[in-house]
Amino acid sequence: MPVRDLLLRCRYNLIPEHLIGEVLTKRWTDNAIPFLALVITIVGFGTAIPGFFQLQSLSDSTRQLGEFSIVVTGLTIVMLGGGIDLSVGSIFALSAFAAVSAFFIFEQPTWIALLAALIVGGAFGAFNGFLVGYAGLRAFLTTLVTFIIGRAIYDILVVNYAAKIQLSMMSSDVWDFIGDGTVFGLAISVLAAIMLALVAHIMLSRSRPGWHILAVGGSRRSAHNAGIRVRRAVFATYVISGLCCGIAGFLLACRLSGTGPGTGLNLEIMALTAAVVGGNSLGGGRGSIMKGIMGAVIVLVTTNGLIRLGYGTGTNQMVLGLMLAAAVILDIRWLKNRHKVLNELYVAPIHHRMGETQSAEPQADSPYALNDRLSQATPIGLGDLEGPEDVILDHDDHLYCGTRHGEIIRFFAPDYRRSEVFAHTGGFPLGLAFDRAGNLISCVGAMGLYSIAPDGIVTKLTAETSRSLTSVVDDARLRDPNDCDVAPDGRIFFTDSTKRYDAHDWALDSIEGRPTGRLLCYHPATEKTETLLDRYRYANGVCIAHDGQSLFFAESWACRVHRYWFDGPKVGTVECVIKDMPGYPDNINRASDGTYWMAWLGMRTPSFDLSLRHPGMRKRMTRRLPQDDWLFPNINTGGVVKFDENGRVIETLGDLAGAAHPMVTSMREHKGELFIGGILNNRIGRYVIPGANQRWTGLRSYWGEDR
Amino acid sequence: MGKGFSVLRADQERIVLIIAAVLFLAAAIFLPGFLEPSNLIAIIRSISVLGILAAGMAIVIIGRGIDLSAVAVMAMSVAWYLQMLGTRSPDWMALLYAVAAVLAIGLINGFLVAYADVPAIFVTLASGSFVFGFVRSQLINQDAIAVPPEHWIERLGRLRIEGIPSEVFIFFGITCIAFIFLRYTKWGRYVYYAGDNPVTARNSGIPVRPMLVLRYIISALTAFIAGLLTASSLLSINTRVVNSTLLYDIILVVVIGGIGLSGGKGSMRNVIVGALLIGIMLNVMTILDIPNIYQNLIKSTILLIAIIIDGLMNPRDEQTAQQGDI
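**Quick word on the overall build of chain B**
At step 1: Each helix and strand counted, chain B has 13 helices and four strands in total.
At step 2: Taken over C-alpha atoms, the radius of gyration comes to 20 Å for chain B, in line with the 20 Å a tight globule of 326 residues would show.
At step 3: For chain B, the spread of C-alpha atoms along the three principal axes comes to 55 × 50 × 35 Å.
At step 4: A buried classification covers 53% of the 326 residues belonging to chain B.
At step 5: Looking at chain B as shown, the accessible area adds up to about 14100 Å², and 68% of this sits on carbon and sulfur atoms.
At step 6: Put simply, chain B has 21 plus and 18 minus side-chain charges, and the middle of one group is 6 Å from the middle of the other.

**Here's the deal with the packing of aromatic side chains**
Note on aromatic pairs: each is described by the distance of the centres and the angle between the planes.
Residue and element names in this part refer to chain A.
At step 1: Overall, the coordinates contain 32 aromatic pairs over all chains when judged by the stated rule.
At step 2: Each ring, one from Trp175 and one from Phe250, has its centre 6.1 Å from the other, and the planes form 90 degrees; the classification is edge-to-face. Taken together, the residues Trp175 in helix α8 (residues 173-180) and Phe250 in helix α12 (residues 230-256) connect sequence positions 75 residues apart.
At step 3: A residue is classified by how much of its surface remains accessible, and Phe250, at 4% relative accessible area, is buried.
At step 4: Relative to Phe632, the ring of Trp506 lies with its centre 5.6 Å away and its plane at 75 degrees, an arrangement referred to as edge-to-face.

**Brief notes about the pattern of salt bridges**
Residue and element names in this part refer to chain A.
At step 1: One pass over the full model with this rule turns up 36 salt bridges over all chains.
At step 2: A salt bridge links Arg255 to Glu67; the nearest nitrogen and oxygen atoms lie 2.9 Å apart. Placement of the pair is Arg255 in helix α12 and Glu67 in helix α4 (residues 55-80), with a sequence separation of 188 residues.
At step 3: The salt bridge partner of Glu420 is Arg410, with a shortest N-O separation of 2.7 Å.

**Things to note about the sheet that holds strand β12 (residues 481-486) of chain A**
Residues and elements named next belong to chain A.
At step 1: Judged by pairing direction, the sheet is antiparallel, and its four strands sit side by side in the order β12-β13-β14-β15 without closing on themselves. Every other strand in the sheet has two partners, leaving β12 and β15 (528-536) as the edge strands with one partner each. Sheet twist, expressed as the mean angle between neighbouring strand axes with direction ignored, is 20 degrees.
At step 2: Note that strand β13 (residues 492-496) and strand β14 (residues 517-523) share five bridges and pair antiparallel. Within the sheet, the bridge partner assigned to Ile492 lies in β14 and is Tyr522.

**Considering the interface of chain B and chain A**
When the parts come together, some accessible area is lost, and that loss is often what is quoted as the size of the interface.
At step 1: On the chain A side, the residues contacting the 45 residues of chain B number 48 residues.
At step 2: Taken together, both faces of the contact between chain B and chain A bury some 3900 Å²; the carbon and sulfur share is 73%.
At step 3: Between the two partners, chain B and chain A, sit one salt bridge.
At step 4: Asp117(B) is the partner of Arg333(A) in a salt bridge, and the nearest nitrogen-oxygen pair spans 3.9 Å.
At step 5: There are three residue pairs in polar contact (both at pLDDT 80 or more) connecting chain B and chain A.
At step 6: Here the residues of the side of chain B that touches chain A are counted per class, giving 26 nonpolar, 14 polar and five charged.

**Brief notes about the sheet that holds strand β19 (residues 574-578) of chain A**
Residues and elements named next belong to chain A.
At step 1: If you walk across this open sheet you meet the four strands as β16-β17-β18-β19, and the pairing is antiparallel. Whereas interior strands pair on both sides, the edge strands pair on one side only; in this sheet they are β16 (539-544) and β19. Within this sheet the neighbouring strands show an average axis-to-axis angle of 30 degrees, counted without direction.
At step 2: As paired elements, strand β17 (residues 550-555) and strand β18 (residues 560-565) share six bridges and run antiparallel to each other. Paired with Ala554 across the two strands is Val561, which belongs to β18.

**Some points on empty space enclosed by the protein**
Residues and elements named next belong to chain A.
At step 1: For the structure shown, the criterion picks out five cavities of 30 Å³ or more.
At step 2: A volume near 220 Å³ is recorded for the largest cavity.
At step 3: The biggest single contributor to the lining of the largest cavity is helix α19 (residues 698-703), with five residues.
At step 4: Grouping the amino acids of the lining of the largest cavity by side-chain chemistry returns eight nonpolar, five polar and eight charged.

**A closer look at the environment of Arg418(A)**
Residues and elements named next belong to chain A.
At step 1: Mapped onto the elements, Arg418 comes out in the loop between β6 (407-411) and β7 (419-424).
At step 2: Here the alpha-carbon distance between Arg418 and Ser497, two residues 79 residues apart in the chain, equals 34 Å.
At step 3: Beyond its immediate sequence surroundings of up to four residues, Arg418 is in contact with Arg410, Phe411 and Phe412.

Here is what the cut-offs are and how they apply
Residues numbered from 1 in each chain as written. Chains lettered and ligands numbered in written order. Predicted model: local features only at pLDDT ≥ 70, side-chain atom pairs only at ≥ 80, totals over all residues. Heavy atoms only, no water. Helix = DSSP H or I, 4+ residues; strand = E, 2+ residues; numbered from the N terminus. Rg over C-alpha atoms; globule rule 2.2 N^0.38 Å. Buried < 20%, exposed > 50% of the residue type's maximum accessible area, 1.4 Å probe, protein only. Areas by Shrake-Rupley, 256 points an atom, 1.4 Å probe, with all protein chains shown as cover. Lys, Arg positive; Asp, Glu negative; His and termini not counted. Charge placed at Lys NZ, Arg CZ, Asp CG, Glu CD. Phe/Tyr/Trp six-rings, centres within 6.5 Å; stacked < 30°, edge-to-face > 60°. Salt bridge = Lys/Arg side-chain N within 4 Å of Asp/Glu carboxyl O. Pairing = 2+ DSSP bridges. Axes fitted to C-alpha atoms, helices over the stretch in contact; angles between N-to-C directions. Contact = heavy atoms within 4.5 Å. Buried area = accessible area lost by both parts, 1.4 Å probe. Polar contact = N/O pair within 3.5 Å; in protein donor to acceptor, adjacent residues only side chain to side chain. Nonpolar A, V, L, I, M, F, W, Y, C, P; charged D, E, K, R; others polar. 1 Å grid on protein atoms, 1.4 Å probe; cavity = no way out; pocket = protein on both sides within 12 Å on 5 of 7 lines; lining within 4 Å. Points joined across faces, edges and corners; volume = space filled by probe spheres on them.

Have a look at this one:
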């Protein structure tokens, strides 16, 4: 291997660049940055301040954290619903005051104090909710103004009643216990915060009202069109936020047994920073309670840590401002560019040197030399069909094929002029095969393996295989099931061409050149699917060999055909029988003379082979050029190849003008004729094979003379 | 539709003007001392600073933005300037530093709104908090900074023309410049287009983003001027004003005057009318000896009512409102 190739392989094949893109497709990466920030904050302050995280020092700040988390939970719910609540500080202070005055001035029991706090919080929240939800005002300014109103009312109340509260002799064990008792070593406020977070999380992720809130936040207009009562959902979020502030205010009242002019001051910017730093998106729809809690811990640890470190007035506000700005910018930029970044990074081409091949040019001295015989084929369904990837015939000579529209069409023998929709699968049916009972087995593109009974009933056989432990992308899902065949004992062998791309992105898979194709087996008895072979470059056609113990499968982008033994003495082994073909192989099927037909979906070109040795060029190409200008495998000239069990190529059929069958993806021999399909073609071709067995059919070859 | 709408808007402005006049008459009749020349000057003087801040805010709001950092910039820039005077720097150097810092804040605000697509409300909330925190913790060492004796700011505060304080003239000068800018210059008209429909404005070739940055710089500079005037009349600047309700008074002036928060509408006339009403109102409340905390409640309630009316009269356009525009 030349040194240049070696270096390129080190750079592109050994460095797992594709993992970056795969990791970025995961939703949990959204959590990574806030989580990292959380760890850095905790470790940073933990080391900077000795004893910062000892329980003794934490007790008061943990209670504070409990109250703060409850407020942030409420704000998070409002933000998920697409709004914002800046009045949390005022509601918090007013509720605390309500609880304190109910307890100390009116000398009511503790539960009445809690009720008072909840009523005040809920009513204030309902006021916000009415203005924003029902009156349709802008959330930010409206809650900013209700925040000032609430603050003004609170200031008036404190000035007038603070003395009365301080003079009260009222006390209660319950009140004190909530204020500084612990259960299982946890402060009451922390317990309350945890319980509330759990309830809120379950509500948001598992219940209808929660889904409605998320839907409204995600897209208000779509939620409205889907019949969700948008205004009511928005209203509810503010009420919930108000109630959360009520609980937090009550807990604060119990802890401090009083309120002062500073109660709840700056809480709104702290809570907002916490919610955004945790990773909740402004404008709603994306986020979770857990993110809010993470943000709450980050913000509170930071502000308390800065105070402990002795930084002066204003430092906290400076840091909060910086954190808020950084988090909002990151959030906005990330949301906006995530898709772009993913597109940029996902395609990670590798170096691959294709082997030297024999010429396929007409009159060349090789078995691959193309001729013009396919152009003689007579068309079936010309103009009516779109995309017959595979074709198959039954005992009554009826012809079946899949179409781009997700249907399986049946053409009636003998002239194949009449047709009907045999079944509707919902996906693009690709490979077809009949099992012993006469069910039509089909690999439905991007969906899975399906069985269609003779009466047209479609049943799903499998859409997943076992998840491998090392794969980052979900490789349990079948992304591109391509061709299938049925073994004598009923096992269905089929290919899944790529793990990294959906079926319609096959061109990207070819450009990337990573071997991720698989051979799978479905066991009808146990209804289990197992992965037999992995790491092939676009595993494609499958055909059970005439011996009934092995199968041939095509590896398209490597231009190879392999033979795999699933029974007999060589069970489990795999051999490459044809390599370095001049064309990209697709489906393989049996021929009447004991050999096999293989379709070529296109021909190799020197330019694309060259580009496979220049991964950097392919990477730049996918990033900088529009899709129309990409270089990818030629699919304008295909053909049909006949080969024997040992991989010796016997003959090649082609259509040089490309008018009838430019791209061939399948062919099926039946009673002396070859039926030819193409995934991008508008017809099925019917070609008379000179000297072929006039009685031979595929079904008889598989399942014998009897039906 | 357009015609009916403009009649409606003129009505709102007129109503505010009538209310201001009625309030003025009532106060003149029932409040002793209200019509004293010294009190009238006090009213106009109190309007001046508020009005200058409101003029800067109005330009931002017409362009469909908002600047919540205005008060922080106003107080902290001047506080830093005065602090530098107290230490070592020559005056012109300190002024240069302060102006540069103000420009930088406006630039950062504008850049983040225009080029990072962050909602103005969050950018300016965060930058206001940062400016206050940074200056308070790093650059100055006490809440209030006094103006040095015989400094030009002090002389400016003493300056009277025909018995009228200089800031009144500065206020009218600034509103005149802003009026001419908005009404008669190409760039001023662009502010309306960008505020009315930013996407269309951009598609038609208006440099929407640089203009956005410019508006936040203008807002920061007017805030600095307002801060200098505040210092000149009080002979010191108290940074606690950042935590007061001054910011909401500014928004109150703008919204009461009839400039819709959804942008694209209003002029300097609205600012003057709004400032007049608020100035008279504040003065009346002070003469009536209503405590500050009650004044806050009254002002904020009026602001809420104004916002509700604004929301009902200028409902948000779902076609041009963006997802996440809260």
